[in-house]
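# Working through the structure, step by step
In case you want the letters, here they are:
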Amino acid sequence: HDALPISLSPVGAGREPALRMLGVLRSAGLRVLAPPTGLRGYCARAGQLQGLVFRQMFEPVSCTYTYLLADRATKEAVLIDPVLETAQRDATLVKDLGLNLVYAANTHCHADHITGTGALKRMLPGVKSVISKDSGAAADLHIQEGHVIKFGKFALETRSTPGHTDGCLTYVLHDHSMAFTGDALLIRGCGRTDFQQGCPRTLYNSVHRKIFSLPGHCLLYPGHDYTGQSVSTVDEEKTLNPRLTKNLEEFVKIMNGLNLPKPAQIDIAVPANLKCGIQDS
């Protein structure tokens, strides 16, 4: 090959050796391809170097992402947005990695799938379910803006991002290198605002004030994706999101004109999720 992909860390001790290597490769006549920011590869590796265990998992029916984060040293772990149908997969992974799942947290009360928190509480005794106090859902721990979820030396900061629902939360890793946006912000899109207390004006302000205020290189991990993508950045969404780059009035017009079908599982999922994912028999 005459072209080599390379990701350079933008900060930290690893940058200078990488730059020297880049010079050597170019002086040898090799064409080196680098991403525009070099940030995605850096952040993925940095988590490993700092002792953060991170896994992104997918549930194909509702196209939901579930995220596992853990401290490699203490083994304390957090699971974000588990799904009932894949709860056994998640529990098995936790056990295989020798982790202690402390929290199973939801970004909001979901309408398109039943949360796996109830099942995980049975499979892994000691797990505490977490959700926003504004969601109206039952949980072991109700949180709000500013709450910090600690696991080992790591922590997730809570930002209230309503608009898709009243109880939407975005979880931000303490160093602001990554954020888990639920349905508030998707890759090149956003959550719908036509049910469950949805409001396009509220959602627009939530995203711009609470998510777009994060560093541009911050990796954004959504609650869903329907196009095969898995991660974005604040800078990408601020410049490329076809809805949220509009002004407020244009955004409201777009959202009010979507005319989306009712979620297939809403009549089952919402009542179940209000009970922490434990459906009536």
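As a reminder, the structure under discussion sits directly above these lines.
This section reports on the structure supplied with the text. Since this is a predicted model, take the numbers as computed values, not measurements. (Residues numbered from 1 in each chain as written. Predicted model: local features only at pLDDT ≥ 70, side-chain atom pairs only at ≥ 80, totals over all residues. Heavy atoms only, no water.)

## Digging into the packing of helix α5 (residues 200-211) against helix α7 (residues 248-256)
Put simply, α5 and α7 touch, their axes get as near as 9 Å, and they point 125° apart. By the angle class used here, α5 and α7 are oblique. As α5 packs across α7, the resulting crossing turns out to be right-handed. Within the contact between the two elements, α5 uses P200, R201, L203 and Y204 and α7 uses L248, E249, F251, V252, M255 and N256. Partitioning the contact of α5 with α7 into residue classes produces 7 nonpolar, 1 polar and 2 charged. (Axes fitted to C-alpha atoms, helices over the stretch in contact; angles between N-to-C directions. Helix = DSSP H or I, 4+ residues; strand = E, 2+ residues; numbered from the N terminus. Parallel < 35°, antiparallel > 145°, perpendicular 65-115°, else oblique. Left-handed = near helix turned anticlockwise from the far one by under 90°. Contact = heavy atoms within 4.5 Å. Nonpolar A, V, L, I, M, F, W, Y, C, P; charged D, E, K, R; others polar.)

## Observations concerning the pairing of strand β15 (residues 219-222)
Residues L219 and Y221 point to one face of β15 and L220 and P222 to the other, with burial holding for every one of them. Bridge count between strand β12 (residues 178-182) and β15: 4 bridges; the pairing is parallel. Considered in β15, the bridge of F180 is made with Y221. Strand direction decides the pairing type here: β15 and strand β16 (residues 232-233), joined by 2 bridges, are antiparallel. The partner of L220 across the bridge, within β16, is S232. (Buried < 20%, exposed > 50% of the residue type's maximum accessible area, 1.4 Å probe, protein only. Pairing = 2+ DSSP bridges.)

## Some remarks on α5
Note that an α-helix has 3.6 residues per turn; residues three or four places apart therefore point the same way. Helix length check: α5 (12 residues) gives 16 Å between terminal C-alpha atoms against 16 Å at 1.5 Å per residue, within 8%. Among the residues of α5, those classed as buried are P200, L203, Y204, S206, V207 and I211. The arc that holds every buried residue of α5, seen down its axis, measures 160°, which confines them to one face. (Expected span 1.5 Å × (residues − 1). Arc of directions from axis to C-beta.)

## Thoughts on the pairing of strand β5 (residues 76-80)
Moving residue by residue along a regular strand, the side chains alternate between the two faces of the sheet. Buried residues dominate β5, accounting for 4 of its 5 residues. Two strands pair when backbone bridges link them, and strand β4 (residues 64-71) and β5 are joined in this way by 4 bridges, in the antiparallel orientation. By the bridge assignment for β5, L69 is matched with V78. Following β4, the chain reverses through 4 residues before pairing antiparallel with β5; K75 in that reversal takes a positive phi of roughly 75°. Sheet topology note: the β5/strand β6 (residues 100-105) ladder contains 5 bridges and is parallel. Across the sheet, residue L79 finds its bridge partner in β6, namely A104. Once the chain exits β5 it traverses helix α3 (residues 87-96) before rejoining the sheet at β6, and the crossover so formed is right-handed. (Right-handed = clockwise from strand over helix to strand, strands pointing away.)

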